[in-house]
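Notes for the structure review
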Amino acid sequence: MTYMQLSGCSILLTLLSQMAFAQGSDTWDREAAQKEIDGMRRYAWALASSTADGLKKMPEDEFPAVHAFRRDFDEARKLIDPKKAPSDWRSIDIEALAIRNPNYWAAVYELEPADPLMMWFHSALHAVNGEIAPALYSQLLAAQSPTDKPKEMSRLIVSSSRLIALGNKAVQVGVSLHDQEKYDEAEKVFREVLSVIPSHSLALYELGNTLREKDRSKAGTAAAQTQFDMAKQVDPFRVEAYQGSFGIDGMKRFTALRSQAKPAWDNLMQTPSNRSSVQQLERLSSQLQDAGLNELALLVRQLVVARRGASYNEDDVQFIKASLKALMPQDDFEDVLKGLQDYKAKR
């Protein structure tokens, strides 16, 4: 695979330029959106498969966790028939395969901190399912890795941001219809977007608003809440979707998200790649953890360690333990950290 350093120009400028390209039309372009999401998913599947095949070449006695995770992926990949259209693919359970899988995180900690291929793999898994916001976010983090990166990495950034922009264009039409109290027509627009881009968080959120206006009964409120819950699940930074009742812990997490984690995240997204300071990244990782966004918190912490010179300190270990415990409360995750301890010993 060919490697190169990504340009030092702002990732945000790249993102905005792609979004501007997508917004050239004044109408929803379903055909373009379908072509884009199908292409992204096929590309991500090829990336994930080729990366997994590359992991097979690593010595199993030196990287047992990598091979354990690779076998998990081999089982999951049986769900995908690349001969079919991506819209007919079965979804991979990314929660079970990666986010809450001890084998996955053990593999992460056997490798170099913020290893770009492993972070790329993480993003590709989300993209295979058509999950545009998680794919974009994890890919932008991968672009912040200080080590050499595959030049092909930018493809998922381009596709996911373009899909967000294409959907946003249609959502604006739907919102206008909603404001005119044409709720049936607005609902139709939002569902049209979601029929192509099921993970478009703004369309999910606005659909929830419209369903609530259409039906103020308990049933209508419940239907709206379902859409809000889906919106924040596919994009945890969609803060307006955090509606409904909160417990004490939930309110603390939401307050941390709204007042600290999201502003800090937005700032990172506007920072040129490799320009974020260790202090900025470390603070962001803690803010994400406080907000309950442990998947992203762990990815950002990898960047902290990599920027510091690929050396884990005791604070990193305790941080990682806390997030792993939140993701896998019923598991004994001490074995997950064995690779990290072995890595430290090698240093």
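Residues numbered from 1 in each chain as written. Predicted model: local features only at pLDDT ≥ 70, side-chain atom pairs only at ≥ 80, totals over all residues. Heavy atoms only, no water.

**Quick look at the environment of L298**
So the rule is basically this: Under the scheme used here, helices are H or I runs from DSSP no shorter than 4 residues and strands are E runs no shorter than 2 residues, and both carry numbers assigned from the N terminus. Burial classes follow relative accessibility: with a 1.4 Å probe on protein chains only, a residue under 20% of its type's maximum area counts as buried, one over 50% as exposed, and anything between as partly exposed. In this analysis, two residues are considered to be in contact whenever any of their non-hydrogen atoms come within 4.5 Å of each other.
Positionally, L298 belongs in helix 14 (residues 294–307). Among the residues examined, L298 registers a relative accessible area of 0% and is labelled buried. When the C-alpha positions of L298 and S323 are compared, they lie 7.0 Å apart, and in sequence the two are 25 residues distant. If near-sequence neighbours (up to four positions away) are discounted, L298 is found in contact with W105, Y109, I320, S323, L324 and L327.

**Quick word on the packing of aromatic side chains**
Our working definition: Here a pair means two rings of Phe, Tyr or Trp (six-membered ring of Trp) with centres within 6.5 Å. Their orientation is stacked below 30 degrees between planes, edge-to-face above 60, and tilted elsewhere.
Summed over all chains, the structure comprises 14 aromatic pairs. When the centroid spacing of 5.7 Å and the interplanar angle of 65° are considered together, the rings of F69 and F121 count as edge-to-face. Of this pair, F69 sits in helix 3 (residues 64–76) while F121 sits in helix 6 (residues 116–128), placing them 52 residues apart in sequence. The two residues F69 and F121 agree in class, both being buried. Ring centres of Y137 and F237 lie 5.5 Å apart, and the angle between their planes is 80°; this geometry places the pair in the edge-to-face category. Of this pair, Y137 sits in helix 7 (residues 132–142) while F237 sits in the loop between helix 11 (218–234) and helix 12 (248–269), and the two are 100 residues apart along the sequence. With a relative accessible area of 13%, Y137 lands in the buried category.

**Points about helix 9 (residues 183–196)**
This is how the line gets drawn: Multiplying 1.5 Å by the helix residue count minus one yields the expected span of that helix.
Here helix 9 contains 14 residues, and its C-alpha end-to-end distance of 21 Å stays within 8% of the 20 Å for a straight helix at 1.5 Å per residue. Looking at helix 9, one finds that the buried residues are Y183, A186, E187, V189, F190, V193, L194 and V196.

**Thoughts on the side chain of D235**
Filter applied, for reference: Neither His nor the chain termini are counted; the positive set is Lys and Arg, and the negative set is Asp and Glu. Within this document, salt bridges are pairs made up of a side-chain nitrogen of Lys or Arg and a carboxyl oxygen of Asp or Glu, the two lying within 4 Å of each other. Pairs of N or O atoms are called polar contacts if they sit within 3.5 Å, as long as, within protein, a hydrogen donor faces a hydrogen acceptor (for residues adjacent in sequence, only side-chain-to-side-chain pairs).
Relative to the helices and strands, D235 resides in the loop between helix 11 and helix 12. The side chain of D235 sits in the buried core without any salt bridge; R238 is the nearest counter-charge, 4.3 Å away. A polar side-chain atom of D235 sits 3.5 Å from a polar atom in the side chain of S201. When residues no more than four places from it in sequence are discounted, the contact partners of D235 are A133, Y137 and S201.

**Considering the nonpolar core**
Applied cut-off: Throughout, nonpolar core names a set of buried Ala, Val, Leu, Ile, Met, Phe, Trp, Tyr and Cys residues whose side chains join them through atoms within 4.5 Å.
Residues W105, Y109, F121, L141, W265, L288 and L324 are the most contacted members of the largest nonpolar core, which totals 108 residues. Among the elements that make up this core, the one with the highest residue count is helix 2 (residues 30–55) (ten residues). Apart from the residues within four sequence positions on either side, L324 is in contact with W105, Y109, L298, F333, V336 and L337.

**Examining the environment of R155**
As for its placement among the helices and strands, R155 is situated in helix 8 (residues 154–179). Once the C-alpha coordinates of R155 and Q139 are considered, the two residues, 16 residues apart in sequence, prove to be 9.5 Å apart.

**A few points about the packing of helix 7 against helix 14**
Spelled out, the test is: Every axis in this analysis is a line fitted to C-alpha atoms, fitted for helices over the stretch in contact. Angles between the N-to-C directions lie between 0 and 180 degrees. Roughly parallel means an angle under 35 degrees; roughly antiparallel means over 145; roughly perpendicular covers 65 to 115; every other angle is labelled oblique. Polar here means any residue other than Ala, Val, Leu, Ile, Met, Phe, Trp, Tyr, Cys and Pro, which are nonpolar, and Asp, Glu, Lys and Arg, which are charged; Gly is therefore polar.
Close contact between helix 7 and helix 14 brings their axes to 10 Å; oriented N to C, the two are set at 10°. When the interaxial angle is binned, helix 7 and helix 14 end up roughly parallel. Across the interface between the two elements, Y137, S138 and L141 of helix 7 pack against L296, L299, V300 and L303 of helix 14. A per-class count over the contact of helix 7 with helix 14 returns six nonpolar, one polar and no charged.

**Here's the deal with unusual backbone geometry**
The phi angle at A114 is positive, at roughly 60°, despite the residue not being glycine. By the element assignment, A114 lies in the loop between helix 5 (102–110) and helix 6.

**Observations regarding the layout of surface pockets**
Let me state the cut-off plainly: Think of a 1 Å grid over just the protein atoms. A cavity is a set of points where a 1.4 Å probe fits yet cannot get out, a pocket is an open set with protein on both sides within 12 Å along at least five of seven lines, and lining residues have an atom within 4 Å of a point. Grid points are joined across faces, edges and corners, and a volume is the space filled by probe spheres set on the points.
Each pocket or cavity is described by its volume, and for the largest pocket that value is around 1,200 Å³. In terms of lining residues, the largest pocket is bounded by 45 residues, among which E95, P134, K232, Q233 and V234 are the most central. Sorting the residues of the lining of the largest pocket by element identifies helix 2, helix 4 (94–99), helix 7, helix 9, helix 11, helix 12 and helix 14 as the ones contributing at least two each. Looking at which element gives the most residues to the lining of the largest pocket, the answer is helix 11, with five residues. A breakdown of the residues in the lining of the largest pocket according to their chemical character gives 22 nonpolar, 13 polar and ten charged.

**Some points on empty space enclosed by the protein**
A complete count under the given rule lists two cavities of 30 Å³ or more for this structure. For the largest cavity, the calculated volume is near 70 Å³. Residue lining of the largest cavity: Y104, W105, V108, E112, A114, D115, M118, M119, L299 and Q302, and that is the complete set. At the level of secondary structure, the elements contributing two or more residues to the lining of the largest cavity comprise helix 5, helix 6 and helix 14. The biggest single contributor to the lining of the largest cavity is helix 5, with three residues. For the lining of the largest cavity, a count of residues per class yields seven nonpolar, one polar and two charged.

**A few points about helix 7**
Counting buried residues in helix 7 gives eleven out of eleven residues, a clear majority hidden from the surface. Within helix 7, the full set of buried residues consists of I132, A133, P134, A135, L136, Y137, S138, Q139, L140, L141 and A142.

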